[in-house]
Amino acid sequence: MQPFAAPAEGIISLPGSKSQTNRALLCAALSEGTSRLSGVLYAEDTEAMLEAIVSFGAVVEEDRQNFEIEVTGIAGAPVFQELAINARQSGTTSRFLLPTLAAGNGRVTLDGDQELRARPFSEQIDALRDLGCEIEELDKRGGLPVVVSARGVERSEVEIAAATSSQFVSGLLLAAPLYSNGLKINLTSPAISRPYIELTVEVMRDFGVLVEQPDDSTYVVNPGHYRAAEVHIEPDASAASYFFAAAAITHGRVRITGLHSESRQGDIRFVDVLEQLGAKVVWGENYIEVEGDRIRGGTFDLRDFSDTTQTLAALAAFAENDIEITGVGFIRRKETDRIAAMRTELTKCGVEVKESEDGLIVRPNLWSLKGARVDTYNDHRMAMSMALLSLRIPRIEINDHECVNKTFPDFFSRLEELRPKAKSRENTVAVAAIDGPAGSGKSTVARLLATELKLPHFDTGAMYRAVAVAALRAEIDPDDQDATAELAEQTKIAIGDRTFIDEVDATDEIRTPEVDQLVSVVAANPKVRRVLVAQQRKWATELGGGVMEGRDIGTKVFPDAIFKAFLTAQPEVRARRRYGQSSIQTLGDVAEDIERRDQIDSTRSDSPLQVAPGAVVIDTSDLTVEQVVSELANMFRSVVED
Ligand code: CDP
């Protein structure tokens with residue numbers, strides 16, 4: 001994956017909701033008459049449902065190009081002799097169909113891929129047995145494959161726990177009108193993902209069947225018939241979460257059409273989380289737009305929209321503070337153990353994650369982010385969420401990325417649509433802001449990058465060092481802020497290949513350990529910063545841009561820089577690099593000095609050293625200078641026309 005070197009920007013429409021498509025396909029298949037569905041999702045999970053409804057007699061006419069489909073239903077419960085249905089990896093297909101097949105007549109085997117066989121079905125199988133259905137597990141108890149010897153359902157009341165999957169309840173509801181005496185469902189535990197049950201109720205209403213809900217834990221459906229309908233499927237809100245997160249992560253702006261505040265999908269609430277974290281959200285009549293700003297931190301209960309857990313965990317890698325996700329213990333039993341998988345893969349990228357019983361805590365440390373080859377566990381949501389890290393971290397590689405076919409075959413090309421276009425150099429101050437701590441390779445890299453791009457190079461650190469030298473010479477107490485600032489104002493500093501203080505070459509003098517000791521104190525002085533930052537802005541603006549390196553270029557000096565990068569390296573690597581440049585200090589001294597400077601630089605109140613919003617983070621520990629320079633040059637060229 002190649003990082004976005006600037007904010008994500010775009011207006012996109014997304015494929016239809018998987019959840020709504022599979023509910024509508026089943027209702028249409030059981031209806032009398034021909035239904036027309038538009039905005040349909042064509043992906044593996046919905047193919048599984050399509051294949052199944054055709055196998056028991058529904059007639060479908062597909063118009064894939066226009067995301068439409070016509071379904072002529074079988075007007076009631078399915079009748080079959082000997083049927084085999086393969087739900088592939090689709091939880092919705094299998095759990096929606098099982099209670100419907102039980103309402104029919106004949107013998108049917110329901111099976112799926114290995115991943116689906118590993119997922120739980122026992123609550124639903126038990127409930128159906130309580131209703132008098134004959135179901136035989138062929139492999140292990142409570143799992144697929146099963147054989148159903150169907151002969152209709154007469155009993156009309158059942159209890160079910162909905163703590164593992166709301167799909168168990170949705171499946172029973174969808175089948176309920178086919179049961180000869182209807183069905184009353186009593187939930188014995190509070191339902192997770194309740195918005196998905198509501199979605200089921202609404203789709204059933206679209207097809208003419210009403211569900212009564214006398215209280216929070218009871219649903220009642222009378223025996224009846226589905227009627228053909230014309231239904232428009234909403235864009236998939238879970239899929240939308242990746243694109244909204246992309247806006248937040250890259251400090252960009254993304255609008256998704258077809259979604260709105262009246263959306264039926266629970267996952268739409270993910271944008272509320274983004275808003276609480278600091279993003280700006282606009283709810284249009286027929287779109288939702290997210291503009292990235294801060295990513296603060298906090299605790300979020302995602303019980304009702306758990307499919308966005310991985311999206312939030314990936315986003316959390318770039319947050320200012322810890323992000324804790326609670327209420328989602330049950331996602332350990334989805335396509336994979338999503339909590340463990342997320343911990344493992346984020347850890348590979350330098351993100352600290354702690355699992356808890358019902359969720360996880362991400363402790364972001366942007367200084368330790370690094371590219372890695374990540375696994376996807378045959379879970380589409382692993383691939384799509386880990387792709388988000390690649391927006392700002394180079395060298396993320398995603399294994400078996402085709403697993404997105406399950407719900408979103410063209411995910412990667414849609415993400416590409418948000419990639420920022422190169423801007424013309426005219427009328428822009430083309431600043432490449434390169435920030436990072438000592439030993440990250442910043443200075444060497446920035447100098448070579450400037451040569452490569454034929455741009456001026458500004459070493460702003462040399463300016464702070466020059467002021468420190470001037471203060472030492474004038475014997476000014478660095479704690480005297482006014483005196484030091486006045487000195488900064490009066491001293492004539494010229495930076496370039498060599499550094500001049502009042503026209504005398506001081507290139508070597510600014511690099512002594514004595515200056516190393518003093519410079520961070522001088523640089524923490526807000527009045528000194530004001531003087532130097534004004535000069536930096538003036539120079540770069542006059543020259544039309546350049547490669548500017550320092551500690552606050554992306555955050556303070558040029559927050560709108562066309563390209564922002566933050567260079568890091570493991571602390572030991574940074575110390576070793578510096579040690580190589582100094583003959584006076586020991587490695588231990590160098591490491592201590594760097595650590596002390598990091599501490600002052602990143603905690604000072606004025607312009608602390610931080611990763612700028614949206615900046616690309618590059619761990620240079622294992623890279624040569626040439627590799628870093630070429631990576632940066634490529635990124636810069638992707639956002640600025642030559
Ligand atoms: O080369 P090294 O990373 O050691 O540091 P430098 O770029 O020469 O900067 C020396 C010091 O100046 C840093 O430790 C910061 O305290 C300060 N500095 C800053 O505050 N803001 C900048 N834009 C650049 C440097």
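Keep in mind the model is a prediction, meaning the values are calculated, not measured.

## Quick look at the overall build of the protein chain
Along its length, the protein chain carries 22 helices and 30 strands. Based on the C-alpha atoms only, the size of the protein chain along its principal axes is roughly 95 × 45 × 40 Å. A total of 642 residues make up the protein chain; the buried ones form 58% of that total. Contacts in the protein chain between residues at least 24 apart in sequence constitute 75% of all its contacts with a sequence separation of at least 6. Carbon and sulfur atoms provide 45% of the accessible area of the protein chain, an area that totals close to 25,300 Å². For the protein chain, the centre of its 69 positive side-chain charges and the centre of its 100 negative side-chain charges are spaced 2 Å apart.

## A closer look at the sheet that holds strand β8 (residues 146-151)
Within a beta sheet, neighbouring strands are joined by backbone hydrogen bonds and run either parallel or antiparallel to one another. Taken in spatial order, the four strands line up as β5-β6-β8-β7 in an open sheet, and their pairing is mixed. Pairing within the sheet leaves two strands with one partner each, and these edge strands are β5 (79-86) and β7 (134-137). The mean inter-strand angle of the sheet, taken between neighbouring strand axes irrespective of direction, is 10 degrees. The sheet contact formed by β5 and strand β6 (residues 105-111) spans six bridges and is parallel. The partner of A84 across the bridge, within β6, is T109. The strands touched by helix α5 (residues 122-130) are β7 and β8; relative to β7, the strand with the most contacts, the crossing angle is about 145 degrees.

## Let's talk about the side chain of N22
Examined against the element boundaries, N22 turns out to sit in helix α1 (residues 18-30). Setting aside chain neighbours within four positions, we find N22 in contact with D45, T46, M49, S90, T92, T93 and F96.

## Comments concerning the site of the ligand
Looking at the ligand, there are 19 residues lining it, with R465, R529, R578, R597 and D601 nearest. One of the side-chain N or O atoms of R578 is found 2.6 Å from an oxygen atom in the ligand. Relative to its unbound accessible area of 520 Å², the ligand is 99% covered by the protein chains. At the level of secondary structure, the elements contributing two or more residues to the shell around the ligand comprise α14 (442-453), α15 (460-474), α17 (513-523) and α21 (587-603). With four residues, α15 is the largest single contributor of residues to the shell around the ligand. Of the residues contributing to the shell around the ligand, the split by class is four nonpolar, five polar and 10 charged.

## Quick word on α1
Its 13 residues place the ends of α1 19 Å apart at the C-alpha level, agreeing with the 18 Å of an ideal helix rising 1.5 Å per residue. Counted residue by residue, α1 has 13 buried out of 13 residues, so it is predominantly covered. Of the residues that open α1, the one with a side-chain oxygen 3.2 Å from the backbone nitrogen of S19 is S17.

## Some points on the packing of α1 against helix α3 (residues 91-102)
Axis separation between α1 and α3 bottoms out at 10 Å; the angle between their running directions is 25 degrees. Viewed along their axes, α1 and α3 adopt a mutual orientation that is roughly parallel. α3 is crossed by α1, and the crossing has right-handed handedness. Across from K18, N22, R23, L26 and L30 in α1, the residues of α3 making contact are T92, T93, F96, L97 and T100. Taken together, the residues that form the contact of α1 with α3 break down as four nonpolar, four polar and two charged.

## So, the domain arrangement of the protein chain
Split by domain assignment, the protein chain resolves into domain 1 (9-13 + 234-416), domain 2 (18-232) and domain 3 (423-641). Centre-to-centre separation of domain 1 and domain 2, based on C-alpha positions: 29 Å. Taken together, the contact pairs 20 residues of domain 1 with 24 residues of domain 2. Here domain 1 meets domain 2 over a buried area of about 2,100 Å², counting both sides, of which 44% is carbon and sulfur. It is R264, R333 and K406 in domain 1 that bury the most area against domain 2; as a group they hold 34% of the surface buried on that side. In this assembly, domain 1 and domain 2 are joined by four salt bridges. The interface formed by domain 1 and domain 2 contains 12 residue pairs in polar contact (both at pLDDT 80 or more). For the side of domain 1 that touches domain 2, the per-class residue count stands at three nonpolar, six polar and 11 charged.

## Observations concerning the sheet that holds strand β17 (residues 298-301)
Pairing in this open sheet of four strands is mixed, and the strands run β17-β18-β20-β19 from one edge to the other. A single partner strand is all that each edge strand has here, and the edge strands are β17 and β19 (352-356). Each adjacent strand pair in this sheet contributes to an overall mean axis angle of 15 degrees, direction not counted. Relative to strand β18 (residues 323-326), β17 is paired through four bridges, and the arrangement is parallel. Bridge pairing links D301 to T326 in β18. Along the sheet, helix α10 (residues 309-316) makes contact with β17, β18 and β20 (359-363), crossing β18 at roughly 165 degrees.

## Structural notes on the side chain of R381
In this structure, R381 sits in helix α12 (residues 380-389). Within the structure, R381 has its side chain in polar contact with the side chain of Y242 (distance 3.1 Å). Once residues within four sequence positions are removed from consideration, R381 is found in contact with S238, Y242, D307, Q310 and R338.

## As for the nonpolar core
Core analysis: the biggest nonpolar cluster contains 83 residues, and F243, L312, L389 and F411 have the highest contact counts within it. Shared between two domains, this core takes at least three residues from each, and those domains are domain 1 (9-13 + 234-416) and domain 3 (423-641). Leave out the neighbours within four places in its chain, and F411 touches Y242, F243, M384, A387 and V404. Judged by nonpolar contacts, the second largest core, of 74 residues, contains L30, I125, V169 and L173.

## Points about unusual backbone geometry
That bond from L144 to P145 is cis: its omega, -5 degrees, falls within 30 degrees of zero. Despite not being glycine, F67 has its phi angle at roughly 55 degrees, a positive value. For F67, the position within the fold is in the loop between β3 (59-63) and β4 (68-72). Positive phi values are uncommon outside glycine, yet H251 reaches one of about 65 degrees. Secondary-structure assignment places H251 in the loop between α8 (237-250) and β14 (253-257).

## What to know about the pairing of β4
Of the two faces of β4, only the one carrying I69 and V71 is buried; E68, E70 and T72 on the other face are not. Summarising the sheet, strand β2 (residues 34-38) and β4 pair through five bridges and their orientation is antiparallel. Along β4, the bridge assignment pairs S35 with V71. As judged from the five bridges shared by β3 and β4, these two strands associate in the antiparallel manner. Bridge pairing in β4 links E62 to I69.

## Here's the deal with the pattern of salt bridges
Counted according to the given criterion, the structure contains 56 salt bridges. We note a salt bridge from E355 to R332, for which the minimum N-O separation is 2.9 Å. Of this pair, E355 sits in strand β19 while R332 sits in the loop between β18 and α11 (338-348), and the two are 23 residues apart along the sequence. For E355, a relative accessible area of 27% gives the class partly exposed. For R511, the salt bridge is made with D459, and the minimal N-O distance between the two is 3.2 Å. Separated by 52 residues along the polypeptide, R511 in the loop between β27 (504-505) and α17 and D459 in strand β24 (residues 457-459) bring together distant segments of the chain. For D459, a relative accessible area of 14% translates into the label buried. Taken together, the shared-partner salt bridges in this structure form one network comprising K18, D45, R119, D307, E335, R338, D379, R381 and K406.

About the criteria used
Residues numbered from 1 in each chain as written. Predicted model: local features only at pLDDT ≥ 70, side-chain atom pairs only at ≥ 80, totals over all residues. Heavy atoms only, no water. Helix = DSSP H or I, 4+ residues; strand = E, 2+ residues; numbered from the N terminus. Buried < 20%, exposed > 50% of the residue type's maximum accessible area, 1.4 Å probe, protein only. Contact = heavy atoms within 4.5 Å. Areas by Shrake-Rupley, 256 points an atom, 1.4 Å probe, with all protein chains shown as cover. Lys, Arg positive; Asp, Glu negative; His and termini not counted. Charge placed at Lys NZ, Arg CZ, Asp CG, Glu CD. Pairing = 2+ DSSP bridges. Axes fitted to C-alpha atoms, helices over the stretch in contact; angles between N-to-C directions. Near = heavy atom within 4 Å. Polar contact = N/O pair within 3.5 Å; in protein donor to acceptor, adjacent residues only side chain to side chain. Nonpolar A, V, L, I, M, F, W, Y, C, P; charged D, E, K, R; others polar. Expected span 1.5 Å × (residues − 1). Parallel < 35°, antiparallel > 145°, perpendicular 65-115°, else oblique. Left-handed = near helix turned anticlockwise from the far one by under 90°. Domains from an automatic or database assignment. Buried area = accessible area lost by both parts, 1.4 Å probe. Salt bridge = Lys/Arg side-chain N within 4 Å of Asp/Glu carboxyl O. Core = buried A, V, L, I, M, F, W, Y, C linked by side-chain atoms within 4.5 Å.

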